[in-house]
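The residues making up each chain are set out below.
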Amino acid sequence: MAERWLYGWGLGSVALGGASLVVPLYVVELGGGPFVLGVLAAVAAVVGLPAALGAGRIADRTGNRRGIVLAMLALIAVSVGVLPLFDGVAPVIVANGAIWFAFAAATPVLTLLAVADVPERAWSERIALLNQYQGVGWALGLLLGAVWTALGARFLPADAVIRWLFVPLTACAVLGLGLGIRTLPADPSPGADRRASGTRVRRAIRAADRFSVRSATFPFTPGRTDFRGLHPRRFVERFTPVLAAYFAAVFCFFAGFSAFFAPLPAFLTEVGFGSDGVFALYLVNSLGAAVFFGAAGRLSADRDVALLQVASLSTRAIALPAVALVGTAWGAAALGFGVAAAVFTLIGVTWAVIAVTAGTLVTRLAPAAIRGEALGMYAALGALAGGVGSVFGGWLAVVSYAVAFGAAGGLVLVGAAVVFLLRRHAGDPGPTDGRRAV
């Protein structure tokens, strides 16, 4: 896989990383409250799964993977570009949904392109490289937002800083599309198509470092997985009570994450953090997760993964409502920002552990015959919980941010309790290829 085409997707990821936060801040600027932010995040979550499932199957039937990726890059560029033209919240929600539909649709097809026409033993390495470019691009998008909003107030009217940030983000998306047109590899040969079965690709994904900094601050869309081989009826027939209980825990803690992150931009703005401060906190959170991800992988290989996840979930359950306490007590003063940055870093670190251990737990708890499908269901369930949790958190935040963040922490704590009860079922079964999260 030539690295040149990865720069195109990396530039698209810059636009996605910036849009993940600038759109909520723009909604707040237009007068949207926390419930509207919950709806914004819920729509992004709901469109993700059918987009990923449909794009993967269309790519298989038509063989036109390159065309799908280019079409989704074009949709991202157009959607980001038209956003500042809207002065109403409803069209912004629709355009934002289009952005995350395109992202979710492109993700599995990019994975298939990454493994095309290369030996199967190299698939995990190629997927890891793809994730690296995507993760760096996402972080650069957040960094661009932080720098732009910090410096923009010196040259632009206060109400124009956020609106004009869409211009460089759109430029990144357009440049990514142009580079993609020139460098995306041709569609694979029929022989490669047969080898890239859902089972084999899912195996490669499990073996790769699949972490993206996106997941640390944007838990609303399905992670990188291959949904093409999912057979719900067969999956349900072989479903076990233990796996069902763990999936209930997954639903609880992902709903809690989303109930926190969906109204968060409105809260940070309300307590006095400027747009640059909000971008900086999100970047700190993402980098905290990225830096700790390798250590989390080593810990999961040597320690009780269930206890590791319980400890991380419990810590996160405390940290989420702590953000409300810190913001209310100190606001955006220097002390408040410093303490908030420390809490956001801790939230990011705990995500690294949760992301790594979740895949291992699903692998151990699922019957061998449906192990790959169970990992796909885990990703899908996370997206569904993200939609429900986003609306729930936004609705509670209308009453009180402390109540919303407290409820978010409570949901995460419930999930931790269920994982603790399942600990005896999650013993190390010996060598496995499922040590990483989806």
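Note that this is a predicted model, so its numbers are computed, not measured.

Caption draft 1: Inspection of the overall build of the chain at higher detail. If you tally the helices and strands in the chain, you get 17 helices and 0 strands. When the 438 residues of the chain are sorted by exposure, 57% land in the buried category. Taking contacts inside the chain between residues at least 6 apart in sequence as the whole, the part at least 24 apart equals 87%.

Caption draft 2: Examining a nonpolar patch on the surface more closely. A cluster of nonpolar side chains, namely Phe35, Val391, Phe392, Trp395, Val398 and Val399, defines an oily patch on the protein surface of about 580 Å² accessible area. Structurally, Phe35 is set in helix α2 (residues 34–62).

Caption draft 3: Inspection of the layout of surface pockets at higher detail. Taken as a whole, the second largest pocket spans an internal volume of roughly 200 Å³. For the second largest pocket, the lining is made up of 13 residues, of which Glu29, Ala158, Ile162, Gly274 and Ser275 are closest to its centre. For the lining of the second largest pocket, the element with the highest residue contribution is helix α1 (residues 4–29), accounting for 3 residues. In terms of residue class, the lining of the second largest pocket is made up of 7 nonpolar, 4 polar and 2 charged. Three or more residues apiece are contributed to the lining of the second largest pocket by two domains, here domain 1 (1–187) and domain 2 (234–427).

Caption draft 4: Local environment of the packing of helix α11 (residues 241–261) against helix α15 (residues 334–365). Between α11 and α15, the shortest axis-to-axis distance is 11 Å and the interhelical angle comes to 160°. One way to sum up the angle between α11 and α15 is to call them roughly antiparallel. In the packing of α11 onto α15, the handedness of the crossing is left-handed. Across the interface between the two elements, Val242, Leu243, Tyr246, Phe247, Phe253, Phe254, Phe257, Phe260 and Phe261 from α11 touch Ile347, Trp351, Ile354, Ala358, Leu361, Val362 and Leu365 from α15. Within the contact of α11 with α15, the residues separate by chemical class into 16 nonpolar, no polar and no charged.

Caption draft 5: Up close: the packing of aromatic side chains. Throughout the structure, instances matching the rule amount to 20 aromatic pairs. Here the aromatic rings of Phe254 and Phe257 are separated by 5.5 Å at their centres, their planes lie at 65°, and the arrangement is edge-to-face. Separated by 3 residues within a single helix, Phe254 and Phe257 lie in helix α11, roughly one turn from each other. On the accessibility criterion, Phe254 (7% relative accessible area) is buried. Overall, Phe257 belongs to the buried group, its relative accessible area being 1%. Relative to Tyr378, the ring of Phe254 lies with its centre 6.0 Å away and its plane at 65°, an arrangement referred to as edge-to-face. Here the residue Phe254 occupies a position in helix α11, and Tyr378 occupies one in helix α16 (residues 371–399), the gap between them amounting to 124 residues. You can call Tyr378 buried: its relative accessible area is 4%. Ring-pair connections join several aromatic residues into one group, and the members of that group are Phe260, Phe261, Phe267, Tyr282, Tyr401 and Phe405. The ring of Phe257 has Arg316 lying over it, and the distance from NZ or CZ to the ring centre is 4.4 Å.

Caption draft 6: Spotlight on the nonpolar core. Membership of the largest hydrophobic core comes to 122 residues, with the highest contact counts inside it found for Tyr246 and Leu264. It is α15 that provides the largest number of residues to this core, a total of 15 residues. Two domains each donate at least three residues to this core, and these are domain 1 (1–187) and domain 2 (234–427). Ignoring anything within four residues of it in the chain, the contact list for Tyr246 reads Phe253, Gln309, Ala358, Leu361, Val362, Leu365, Val419 and Leu422.

Caption draft 7: View of the confidence of the model for the chain. Here the chain shows a mean pLDDT of 84. Residues at 70 or above account for 83%. No element of the chain has a lower mean pLDDT than helix α7 (residues 190–195), which averages 53, and none a higher one than helix α17 (residues 401–421), which averages 96. The model gives residues 430–438 a pLDDT under 50, and that stretch makes 34 contacts with residues more than four places away or in other chains.

Caption draft 8: Seen up close, the pattern of salt bridges. Within the structure shown, the criterion is met by 2 salt bridges. In this structure, Asp87 engages Arg163 in a salt bridge whose closest nitrogen and oxygen atoms are separated by 3.1 Å. With Asp87 in the loop between α3 (65–82) and α4 (89–115) and Arg163 in helix α6 (residues 161–183), the pair connects residues that are 76 residues apart, well separated along the chain. Classification of Arg163 as partly exposed rests on a relative accessible area of 26%.

How each quantity is defined
- Residues numbered from 1 in each chain as written.
- Predicted model: local features only at pLDDT ≥ 70, side-chain atom pairs only at ≥ 80, totals over all residues.
- Heavy atoms only, no water.
- Helix = DSSP H or I, 4+ residues; strand = E, 2+ residues; numbered from the N terminus.
- Buried < 20%, exposed > 50% of the residue type's maximum accessible area, 1.4 Å probe, protein only.
- Contact = heavy atoms within 4.5 Å.
- Patch = residues over 30% accessible without salt bridge, like charges linked within 9 Å, V, L, I, M, F, W, Y side chains within 5 Å.
- Areas by Shrake-Rupley, 256 points an atom, 1.4 Å probe, with all protein chains shown as cover.
- Salt bridge = Lys/Arg side-chain N within 4 Å of Asp/Glu carboxyl O.
- 1 Å grid on protein atoms, 1.4 Å probe; cavity = no way out; pocket = protein on both sides within 12 Å on 5 of 7 lines; lining within 4 Å.
- Points joined across faces, edges and corners; volume = space filled by probe spheres on them.
- Nonpolar A, V, L, I, M, F, W, Y, C, P; charged D, E, K, R; others polar.
- Domains from an automatic or database assignment.
- Axes fitted to C-alpha atoms, helices over the stretch in contact; angles between N-to-C directions.
- Parallel < 35°, antiparallel > 145°, perpendicular 65-115°, else oblique.
- Left-handed = near helix turned anticlockwise from the far one by under 90°.
- Phe/Tyr/Trp six-rings, centres within 6.5 Å; stacked < 30°, edge-to-face > 60°.
- Lys NZ or Arg CZ within 6 Å of the ring centre and 35° of its normal.
- Core = buried A, V, L, I, M, F, W, Y, C linked by side-chain atoms within 4.5 Å.
- pLDDT = per-residue confidence, 0-100.

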